Every structure is written in C-alpha cells, then in structure tokens.
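Listed below, chain by chain, are the residues.
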Protein chains: 4
Amino acid sequence: MLHFDSDYMRGAHPEVMRRLMETNLSQSVGYGSDEYTARAAGLILDACGLNRSESKVVFLTGGTQTNSTVIDSFTQRHQGVICAETGHINVHEAGAVEATGHKVLTLPSHEGKICATELDNYISDFFRDETWEHMVAPGMVYISFPTELGTIYTLKELEDISKVCHSHGITLYLDGARLGYGLAASNEVTLHDIARLCDVFYIGGTKVGTLFGEAVVVKDAARWLHSLSQVKRHGALLAKGRLLGIQFETLFTDDLYLRASRNAIVQAMKLKEGFLAAGFRLFMDSPTNQQFFILPNERLDALKETATFELWGPRGPEETPVRFVTDWGTTDEEIERLLIQLR
Amino acid sequence: MLHFDSDYMRGAHPEVMRRLMETNLSQSVGYGSDEYTARAAGLILDACGLNRSESKVVFLTGGTQTNSTVIDSFTQRHQGVICAETGHINVHEAGAVEATGHKVLTLPSHEGKICATELDNYISDFFRDETWEHMVAPGMVYISFPTELGTIYTLKELEDISKVCHSHGITLYLDGARLGYGLAASNEVTLHDIARLCDVFYIGGTKVGTLFGEAVVVKDAARWLHSLSQVKRHGALLAKGRLLGIQFETLFTDDLYLRASRNAIVQAMKLKEGFLAAGFRLFMDSPTNQQFFILPNERLDALKETATFELWGPRGPEETPVRFVTDWGTTDEEIERLLIQLR
Amino acid sequence: MLHFDSDYMRGAHPEVMRRLMETNLSQSVGYGSDEYTARAAGLILDACGLNRSESKVVFLTGGTQTNSTVIDSFTQRHQGVICAETGHINVHEAGAVEATGHKVLTLPSHEGKICATELDNYISDFFRDETWEHMVAPGMVYISFPTELGTIYTLKELEDISKVCHSHGITLYLDGARLGYGLAASNEVTLHDIARLCDVFYIGGTKVGTLFGEAVVVKDAARWLHSLSQVKRHGALLAKGRLLGIQFETLFTDDLYLRASRNAIVQAMKLKEGFLAAGFRLFMDSPTNQQFFILPNERLDALKETATFELWGPRGPEETPVRFVTDWGTTDEEIERLLIQLR
Amino acid sequence: MLHFDSDYMRGAHPEVMRRLMETNLSQSVGYGSDEYTARAAGLILDACGLNRSESKVVFLTGGTQTNSTVIDSFTQRHQGVICAETGHINVHEAGAVEATGHKVLTLPSHEGKICATELDNYISDFFRDETWEHMVAPGMVYISFPTELGTIYTLKELEDISKVCHSHGITLYLDGARLGYGLAASNEVTLHDIARLCDVFYIGGTKVGTLFGEAVVVKDAARWLHSLSQVKRHGALLAKGRLLGIQFETLFTDDLYLRASRNAIVQAMKLKEGFLAAGFRLFMDSPTNQQFFILPNERLDALKETATFELWGPRGPEETPVRFVTDWGTTDEEIERLLIQLR
C-alpha cells in the first residue's frame, strides 16, 4: 500500500536518525542548555541572516503547542490573533489558542491566504470604532507558509502584510510547519525574507525531516525574555532538549533542510503532471507538497485499493476532491507505482 | 567527566533505539491511531492487570505536560489538587497546573510523602467548614512514586491513602515519572498494586528508557472520554504518535521496563555503599536511584573535577547536601571510577 | 437633552429603589443566603412554571459576567459555544468567553437570529467529520431574546432550535439581557415557553428595571451543583447578595417586570410611527425597544443637538443608520419632544 | 437579634443612598464614562495626594473580582503573587486568582502580616536558585490593610516592605477591602502613605459605606493601559458605571469615608472594653473593627440567643474563639444591648 495522507507518516531523515544514534549513549544537561542546541540555534540564525546576539531560537515539540505558546507569549491578555478562516489555529487545534485565553479573529481566506488590504481595513475599522475596548483588539497576525491549502504568498504579498502589521504596531507571526516545502517551491521568497518581514516564526521539523520539533525564531530576543518559564508553563519543555538540538543541527548542516524539502516538491510536481496527464482536474493549483485533485468516485474507490490519501471535503454524488501529500522521503518508485495505477 | 546530575541525560535504551531505526522509513497514520500504539497500550494494560475493554492508556510527551493535562481533565473547574509541599507540581512546573486554572493545595511532606491520616483530616475539616464553597475544594490527590526525594510509599501507606481518597469521592493520581525505579526498589509494591489503588497514574518513559514519553493509565476509561481533544487542546498531542507506541511497546516486551530499571537501583546501591564506606553521611536514606549525601565542601570541590551532580540546597559553610542519580544506562565502570575518586 | 443611546442610562425602577431604601439599614447574611434572595428565587421559578425543588435561580451582577460564568460552567473544557455572528458573546464582551478557555463558534446571523436548519447541519456535519476531535466540539448553543438587533424568535423558531439542541445532546442557553422587552413585544412567546425550551437562561435586570443584576434560571438544578464556588471563582459573587434578592423580589411581585417592560415597547412603537410619519426609512423592522432608522446626514446632525443616540455602523456619505432605544422609564414627554424635532 | 457577623450586612451609608435616590431617574452614559465617575476619581486621587494626570482610578464591583483582575493585569503570565498564608486570595476566593493562571506563593503569617525580612530572603533565595525559571517567579506582593485578622501594619513595616519590593522590581499591591477601618485605627499611616508606598491598591467600598464597589488606585496610569478591556474581559465592568461614581463621590466628599470608618472603630473599642470588663480574654489584640475573643462555650451559647457572630475556628471542648465585627452603621444602642447581655 502507498501512503499519501500526510507528511508526518515516516520517522526522521536518515541523516537525522544517524546523529541520534551516534549521540545516544552520551550524556548531556537537560532542558536545552546543551551544546547541540546552542549550535543548532546558531546555525539557524545564520541561515536566517539574523544576528546571534540580537535574535534567539526556542525549540518546541509540535505545531499546535508552538502556536498556543507563541501566541500567548507575544500578545497582551486582552488581545486576539487575526488569521484566515482556514488557518490551522482557527480550525484544527482543538481550541488550544482559546485555552490560553485569546480569541481567534478571522479574515476571509483566499486559497488559504489573507489579503493585506483587507487586513489593513479590518485593523483600521476596528480602532476607529469608539467602543473598541469592549471588543477583542488584534495584537498579532498569524499567517502560514505554505498555507493549509498548499499555496504560498508571493514576496510582494508578504511585504505588504508585514508593512500593514508594523504600521499598526501589530506582531507578525508565521507558522512554518511546512516552511521548507514553501521555500523549496517559491522562486523568490527566501529564509532571509521571512526573517526580515516577520517578528516571530517557526521552522517546522515534524513535517520536514525530524521525528518531532519546531524551531521558533524570535527576531528581537528581548521580546521573549523568560521563554523557558513560558514554554515550561505550557507543558512544552522537553527534558532531553538535546534531541531537538541534534535534529536541527543536522538539518541546518550542509543545507539538508532545503535539500530534503526539494525532494517533496520534485515528487509533488511529478504527481501533479501524472494526474493531469491521466485526465484529472486540479481542485486547486498548489506549488507545494500538497496536491489537490477532483476524482470521479469510481476512480477514487479503485485508487483506494493501492493508496491512502485524504478526501478534501465530503464525498460528492459523482466526484470528490482529494489531497495527496509528498514529503522529504517520497521515492521515485512510490510516485511511479501510483501513476501506473492512474493510467 | 562522569555525570550523575539526573536520569534524563542519555538518549534511549539501545533496544528502544533499535526499534525506532527499524521502523523509521515505514509509514503510519498519525496522532496515535497506529498499530504500534495500540499494541503498546494493550501490553501496558496487561502488565497492570487491567481489562483492555474497561481501561485505557493515553500517551503524552513529558511529565509537566502530563500532570497539567491529567489534573485539568480529572477535576471540576472549582476543584484543586492536594499534594505534598515538595510535590513536583507545587515546586518545579513553572505554574503549569495553575495555568489551567487549578490551585495546588499542600500537605506537609514526610520525606516527600503525604500521610493518610493528615490527608483524611484535611479533607474532613475542609468540608466541615460551612464556608467551604468560598474556598478551593480538593478534587484530586497527587502523589509521586518514587517521590521527588527518592523515597517510596509502602504498600500499606498506598492502601491507606487510596482508602481515604475513595471514602471522600476524590480521585487518586500517581505521578510515575520514575515509576520503574520505584517498583524495582520496592520489595512489595507492584504495578498491579498501583493499578488497583489509583484512579489514574502514569508510567514514566523519559527517565526510564525512552527518548521521551509518558503513558497515562486510566482505570475507568469512561472517565476520560475525548482524551484526544483534551490532549490536543493542551498542545500535547504528538503528530508522529507511533514514536510513543514503538518506544513503550519495546519497554513492555520481555519485561524490559523493569529490567532496565533494576540496573539503576543496583548501581545506586553500590554508590551508596561506596559513599558510606568512604566515611560520608547520608542526607536522607533513599532506596531508589536518587542518592543524597552530605559532603564536606573541600571533598565536594575535589569531586567536581571528575563528576557532575546537583547540590541539594544552598552550599553550607562547611558541608553541603548533594544528590547523585543513576539510571537504566549507568555502567559498572562509571560507578567504579566515581568510587575511586572518593577513596 | 434627550437620551436614547441605550437602556441602561437610568437608575432603577422607583418601586425597586423604594424597597432598597426601606431595607437599607437592616442587616442580612451575605452572599445570597438571605431571605429576600430566597423569596426572589421562588417568585421567579413560579413565574417560569418551574418546580422549586427541581430548578434553581442563581443571581449575578452583569451580562458579560453571567455569560462567561454560565458558558464555562455548562460546557466541558474541550467544548465551544455556537452563536450567531452578531451574538453579544462573539462581538462585545472583550473576549470574556475565550478568557475562560472556550471558543465561540459562529453561524450566519439572520437579523440577529440563527436558523434551526443551519444549526442542525452544522452540528451533524461536525460530528460526521472523522477528525472532529481535533476541532472544537459544540457543547452549547447561545441565543439572545431579543437579539442584539432587536428582533425576536417566533415560538416555532424557538421550538425548532430547542429540538435540534436536544436531539444532539447540546445545552440551549438563552441570553435574556432584555428578556422583558422581548416578552412584552411577542404575542406568543411567554416566560413559560422560555423555561420549557431552554436548559438555562437569564432574566435581565440591568436593562429592565434594576440598578444591576441578572437572574440565571437553571431548569435542572443538579446540572449546576456548587454554583456558588463557580460564581465566586469568576469574581461574580456579590457580598451584599440581598441587593439582588430585593430587586428581583420587587420585579416579580405584582408582575412589575412585564408591566415595566411594556412601557418600553409602547414608547418604541410611538417612536417608530413618528419616524415613519416623518418620512424616514427603517434600517430594520424591530418589534422591541431598539429601533433602527436610516437618517440623511443633515437631519442626523440636526437631531444630535436635541438627542443622543447611537450610529449603527460607520457614517455614510449621505445617510447613516442609527439606533434609538427606549426603556421602562421612557416618558410620553420624552417621545413627544423627540417627535417634535423630527417634524 | 443583634448582628456582628460581618461588615457587609447593612445596605449603604444614608448619605450614599440619598445621592443614589436623587440621581436615580436622570440618564448617563454607561461603563464609567459619566461625570460622577470622573469626579469621584479626581476626589480620590486628591485624597491620595496623587497627580490627576499621572495616576488613575478604576472602579470595580467586589473584592475577589478586584483582586483577580488586578493581579492578572499587573503580573506577567509566568509570575505568581506572594502573600501571607492567611491572605484572602490564598484562602477565601475559591481559586479566582488561579483561575486567571497565576500561582499564589505564601509566606508565614504574623497575625495576618508578612515580614519584610522574610520577604526579602524569599525573593533573594528564589532568584539565586539557578533553576528558578522552572518555578513560579514572584511578580507581585499582596498585602491587606487591615489584614484578615484585623491587624494593621505600622508605617515602618509598610516602608520596609515597599523598599524590598522595589529593590527587586516587584509590584506592591494592597488590598484595602477595609482600608477605611485601618486608616481610622492607625495613629500614623495615612492614605498619602499608602499611595506613596504601593504601586496599586484599592479603597474598599462594600465594607465601608457603599452598596458595593471598590476603587483601584493605580499610581502610574501607564502601567494599566486598556484597563477597560481587562476589566470587561474579567466580567467586572458595570453597565451603569455611574453607580460606582456616585457612591465614591459621596464618600470622598466632606471626608465621609474616614468619618464613617471612625464610627466602626469607636464602637469596636467599646465592645472590646466591654468584653474585657466582663472578664473575657482576647484571642488576638486587634485595633480595628474586627474583634476576637475567647468565650467559654456556655457563655457563647447563651450569647447566641441575642446576637449573631462568627466562630473563629472549630468549637473547642470548653472554650472557642469568636469574632465580632462593627461597621460604619453600628449604633451605640447595639453595643449597649450586647454589653448588657455580657454582664
């Protein structure tokens, strides 16, 4: 059976596993004070073009945990966080953000993206209302790159959103659960751009080569003093913190993070071409490792015997949208076997 | 340099790592719905003498996370949790329990343990007070086994505490971050006893052989419906849930959990005898893998050149209490090298 | 200057003030254990057609406080509350519901009301999704009567919503901040209907005759044990609880609550007729004490010199929607003076 | 029957009620934007010797609500609040502080007071511990004046505590639920001193002359921007905010707050002398309106037929501590009648 349900179905990149094995029986201090973690943070800041003494990296275990911890730490208590209606924090985090006391404020989703003009209008209208203190004030904007629908912002779009946020004194936070796949798919946006335009963002490991782990990059380290206390208070501090350090040190050595990411994009493009060549329609045109098609129900049922994948919405009377996901480990053979089934 | 600071300084038991490597490139569904996790849960319930259809196991990543998620899930909103003053949730969790809205109510610590009679009096006095609804009602009792001071409850003590809790309709929760070491050290308390006397408890992996992971055992599964939502809402749901399943399946195959635990106790006893033979005094007599001694400051400083360990309290004018910790991976050679330094 | 901004601009109904004065220097026990409060609760249950031994009344001070306390107390931690997009809890409570950890889930607003069919579809679709445990499950439905836009549900609409909620095991909660005005305006819905169809609701005092105070009616008292602890924990327990008892005892003696409410409706209808007669258009046709008109900007500016009222949305280029509110104390003379200005 | 249970058993001071009656049918804008509230705030700042443009006053309804709102607003999320073990927030607020996510950290109580030296040691030791970020950092110190045991700090004690707090950068908050009674009882501490030494404190109305209401004084107004949002989010914003303004304007006109407070002290001293003259012992020597005696059980039972009062702890085998409380409205006749019973 082939599996295209998601990008968290395999373990870790073989290079990452090799390093975990090599270091396994050695001993280190806990909670991220070890040297692997220090080196990983340095490598990440270098890759972002950030200054090691002004910026910092905080490692957490998973995406929902990272989102709720960061949002709670970078907003004031009476503030909420703006995102697209389709944003992960609004839909698929079981209320983890609200559990910390913050409202999620939604803007229309344009294939997963928010629009800088609509954002500007929302914020301006909000503070123009004389009774705004009776409502939840926006304190942060959350965007994902790539989005939950596989799309990516253009450089211009990111610059516009960043400008809107900063003109209103609002923090811009980017969820990079699949950041590598977004960067590998974009022909213009780089990690330097992300670091330049956002106040805080995370580089996803769970979906891009590690067993688990997300690296939160904080441009102005002074904005997150006592991050250890905040992370621990959220139940998000890993005792054997070096596991995060070792994994990210490996990913950010010899450009492994981008190299591994590129494989997913190459395989996704082959998959897209295969589906199109077989006469299927796109449900949405995604440049990243999530691909969306519309399948006639009989073909869908037939395909289910060879491969697992997600229905993207309820089954229709005749045809149904579906999602196929590739990752750093997807092989030529897997794609080939799938495409054979399609023909 | 030798390291005796804590029991989370190494990676995972070699058997555990071997299984993670073997399964690494295979694919599984996420969030703990995989077959490894199902098998691990079954093995754990068997080891506890619990019925697979009545009880359940929920896997989380770390101890503080587990404590705050369990306490929040098994108490009503207006209830607090009773523990010893020295309880981990009261001292070393950065307020993670209070972050979920629950007060920690303390009883005196008797070398880390609470006393059943004092517990009974506390609860009886509380509800006898006509104004109790203005105060925080106890809804749960939290004990640790072994305690934070390395001590373990006798079977009689556990039975008495359990009886007090259940006579008042209060949930008994046992923090088993180091459960293996407690069971290996006790000549009477078994996993069956723990499962019989507690309503919910966790079997610690992080300190006893895994990279990370704690297995929460819920005796009456109906008391934690929708645990997935609760765990996710706390940011504690691991995407690659199988990592927890694989590790615990390994630990609960061929009795590895207890075998690995016993090594720590054997080494700790050699260490204790060595210190006593060298003329040092015990700070506290612990039967488990944490050993506490009083060292003259000059000997302490000399020892620091060969080994790392924790000061247990502030440095005194002439002598200072210290803690040495062994674990599943402590070798004969490590102990031998340390004891040579002592002589 | 005339004031039509809101229905909380005056003190209390003269009858209520008279009773507060009469009882002022007497002494009572605190926190709602006094005899005034007991009598008020009894009178309210009688007026609702509920059984004094099965149902209970809990008195709080204000609306936002009541909403967040009730929602937090009647939902499980992982559950959210469904309401219309225009619902007060979604818009104008500064995130008080999210502050207790619960997400507000929105349905389209039909002039402030939700539609039973849309509600049924939302809930059915939600639980049909295999991944629902990753999302916020609906545990309660919140409706307001009258709505924030002055409209009221028909009896049939309430019955349908109630049926949908109970078929899914979901609690129906009705915000009655202006309940008296809704009942006075409806020619079919009675307090008995509200009590029959909802699980919990509150009878608003602040806007309908008291200085402050809302009476929460809980149909099945067993569903809110330890309400005192919950109310106190939310900072909502009034020390001099008798003030709530005295005020509500007065309102529910000799039908004062409905008599006082009817005045607001009579005056509102005169006001509506006056605006229509003067040639203005309705912005929305409301049967209750909130009236919405569209005014040409020059007439609006002229009117501002005699009366205060709210703009209902941003000022338009030529005309602007406005809201005028009457209350239990609005006099014939006030309406007359306003209508003179209109002509 | 005479009542000495507490100081919240009567309504409001007749002057306060008179003003509420006079203004009852007039109309004002809501939520504290009215002119009564503005005037009350000004009068209070004047009475405190604070600058109207640098400091601010925020009015809330009750004590527990005020404590949880202020503590949540003036601490960072990972910080807790230090108080005496007997502190109201630690004992009698049903966990309202923890409900906002903050731990209450306790120091020994010296007849209700904390000791500046012990406070200094606690804070110094805390931050000297290398692992402090794993524990709850103190961010605020909470003291009550008078304390829950009727005692009051000397000026020197307040100055020392203030110095300790500020040398560590920690906010000093004073709970003045009974502030008037404390000031009336002290021969040295003035409202100017309180304002000079604390960062934030509240002037209690509920127990000192109003129907309800507490006035929070914030020395540096910039430390509580957007207080309206915070207060509303806590469910603590009164719609008819002018009720607070009118009551406090009355109390701070012609020194009524202190005049009314003094009556309680005068009556309390007569009561104390009467008990002593009748041969009873003090349980604690309090200079304020709470008086504590030890009564032989038979005398206690006899007294219960004429007067209500609180047992201060469980009934002893032969004698029992009791509390008698006077207030602004206690009359000579009430005291006289009680003392007759004693003889």
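None of the values given here were measured: they were computed from a predicted structure.

## Considerations on the interface of chain D and chain A
Okay, step 1: Contacts between chain D and chain A engage 12 residues on the former and 12 residues on the latter.
Okay, step 2: Split into classes, the residues belonging to the side of chain D that touches chain A amount to two nonpolar, five polar and five charged.

## A word on unusual backbone geometry
Okay, step 1: With an omega of -5°, the peptide bond between Phe-145 of chain A and Pro-146 of chain A qualifies as cis.
Okay, step 2: As for its position among the elements, Pro-146 of chain A is in the loop between strand E5 (137-144) and helix H7 (155-167).
Okay, step 3: We note that Asp-255 of chain C has phi near 60°; this positive angle belongs to a residue other than glycine.
Okay, step 4: Within the fold, Asp-255 of chain C resides in the loop between helix H11 (242-251) and helix H12 (256-277).

## Regarding the packing of helix H12 (residues 256-277) of chain A against helix H14 (residues 332-342) of chain A
Residue and element names in this part refer to chain A.
Okay, step 1: With their axes 10 Å apart at the nearest point, H12 and H14 run at an angle of 10° to one another. Here H12 lies roughly parallel to H14, going by the angle between them. Here H12 contributes Gln-267, Lys-270, Leu-271, Gly-274 and Phe-275 to the contact with H14, which in turn contributes Ile-335, Leu-338, Leu-339 and Leu-342.
Okay, step 2: When the residues that make up the contact of H12 with H14 are grouped by side-chain class, the tally is six nonpolar, two polar and one charged.

## What to know about the nonpolar core
Okay, step 1: Core analysis: the largest hydrophobic core is formed by 426 residues, its most contacted members being Val-217 of chain A, Val-217 of chain B, Val-217 of chain C together with Val-217 of chain D.
Okay, step 2: In contact with Val-217 of chain A, not counting residues within four places along its chain, are Ile-44, Cys-48, Ser-55, Val-57, Ala-195, Val-200, Phe-201, Tyr-202 and Ile-203 of chain A.

## With respect to the interface of chain A and chain B
Okay, step 1: Listed as interface residues are 44 residues of chain A and, on the opposing side, 44 residues of chain B.
Okay, step 2: At the level of secondary structure, the elements contributing two or more residues to the side of chain A that touches chain B comprise helix H1 (14-23), helix H3 (63-74), helix H5 (96-99) and helix H10 (227-233) of chain A.
Okay, step 3: Considered class by class, the residues forming the side of chain A that touches chain B number 18 nonpolar, 20 polar and six charged.

## Looking at the relation of the copies chain D and chain A
Okay, step 1: Expressed as a screw operation, the relation of chain D to chain A combines 0.0 Å of axial shift with a rotation of 180°, fitting to an RMSD of 0.0 Å. Overall, the copies show the geometry of a two-fold rotation axis. Across chain D, the smallest distance between a C-alpha and the rotation axis is recorded for Arg-77 of chain D, namely 4.5 Å.
Okay, step 2: An overlap of 100% is found between the interface residues of chain D and their copies at the interface of chain A, pointing to a shared contact surface.

## Concerning the relation of the copies chain A and chain B
Okay, step 1: Structural alignment of chain A on chain B gives an RMSD of 0.0 Å, achieved by rotating through 180° and translating 0.0 Å along the axis.
Okay, step 2: The share of interface residues of chain A whose copies in chain B are also at the interface is 100%, consistent with both copies meeting through the same surface.

## Focus: the environment of Ser-162 of chain B
All names here are of chain B.
Okay, step 1: Inspection of the secondary structure puts Ser-162 in helix H6 (residues 155-167).
Okay, step 2: Look at Ser-162 and you get buried, because 20 C-beta atoms sit within 10 Å.
Okay, step 3: C-alpha of Ser-162 to C-alpha of Gly-313: the two residues are 151 residues apart in sequence and 32 Å apart in space.
Okay, step 4: Setting aside residues no more than four positions away along its own chain, Ser-162 makes contact with Leu-172, Leu-197 and Cys-198.

## Topic: the domain arrangement of chain A
Residue and element names in this part refer to chain A.
Okay, step 1: You can read the domains of chain A as domain 1 (14-255) and domain 2 (257-342).
Okay, step 2: The C-alpha centroid of domain 2 is placed 28 Å from the C-alpha centroid of domain 1.
Okay, step 3: Listed per partner, the contact involves 19 residues of domain 1 and 17 residues of domain 2.
Okay, step 4: For the side of domain 1 that touches domain 2, the leading source of residues is helix H8 (residues 179-185), giving six residues.
Okay, step 5: Its residues placed into classes, the side of domain 1 that touches domain 2 shows 10 nonpolar, five polar and four charged.

## What about the sheet that holds strand E9 (residues 281-284) of chain C?
All names here are of chain C.
Okay, step 1: Ordered by their spatial adjacency, four strands build an open sheet running E9-E10-E13-E12, and the pairing between neighbours is antiparallel. The open sheet has two free edges, formed respectively by E9 and strand E12 (310-311), since each of these has just one partner strand.
Okay, step 2: Here two bridges tie E12 to strand E13 (residues 319-325), and the two strands are oriented antiparallel to one another. Looking at E13, one finds that Leu-311 is bridged to Val-322.

## Quick word on the confidence of the model for chain A
Okay, step 1: Per-residue pLDDT for chain A averages 97, and the proportion of residues at 70 or more is 100%.
Okay, step 2: Interface confidence for the predicted complex, expressed as ipTM, amounts to 0.97; the pTM equals 0.97.

## A short note on helix H7 (residues 155-167) of chain C
Structurally, the α-helix is built with 3.6 residues per turn, so residues lying three or four positions apart point the same way.
All names here are of chain C.
Okay, step 1: In a regular helix each residue adds 1.5 Å, so 13 residues correspond to 18 Å; H7 covers 18 Å between its end C-alpha atoms and thus fits that length.
Okay, step 2: Of the positions making up H7, those classed as buried are Leu-158, Ile-161, Ser-162, Val-164 and Cys-165. In an axial view of H7, the angular spread of the buried residues amounts to 160°, which keeps them on one side of the axis. In H7, those exposed residues whose orientation departs by more than 90 degrees from the buried face are Lys-156 and Ser-167.
Okay, step 3: Where H7 terminates, the next one or two residues include Gly-169, which has phi positive at roughly 70°.

Procedures and definitions
Residues numbered from 1 in each chain as written. Chains lettered and ligands numbered in written order. Predicted model: local features only at pLDDT ≥ 70, side-chain atom pairs only at ≥ 80, totals over all residues. Contact = placed C-beta atoms within 7 Å. Nonpolar A, V, L, I, M, F, W, Y, C, P; charged D, E, K, R; others polar. Helix = DSSP H or I, 4+ residues; strand = E, 2+ residues; numbered from the N terminus. Axes fitted to C-alpha atoms, helices over the stretch in contact; angles between N-to-C directions. Parallel < 35°, antiparallel > 145°, perpendicular 65-115°, else oblique. Core = buried A, V, L, I, M, F, W, Y, C linked by C-beta atoms within 7 Å. Buried ≥ 20, exposed ≤ 12 C-beta atoms within 10 Å, placed from the backbone. Least-squares fit on C-alpha atoms with pLDDT ≥ 70 in both. Domains from an automatic or database assignment. Pairing = 2+ DSSP bridges. pLDDT = per-residue confidence, 0-100. Expected span 1.5 Å × (residues − 1). Arc of directions from axis to C-beta.

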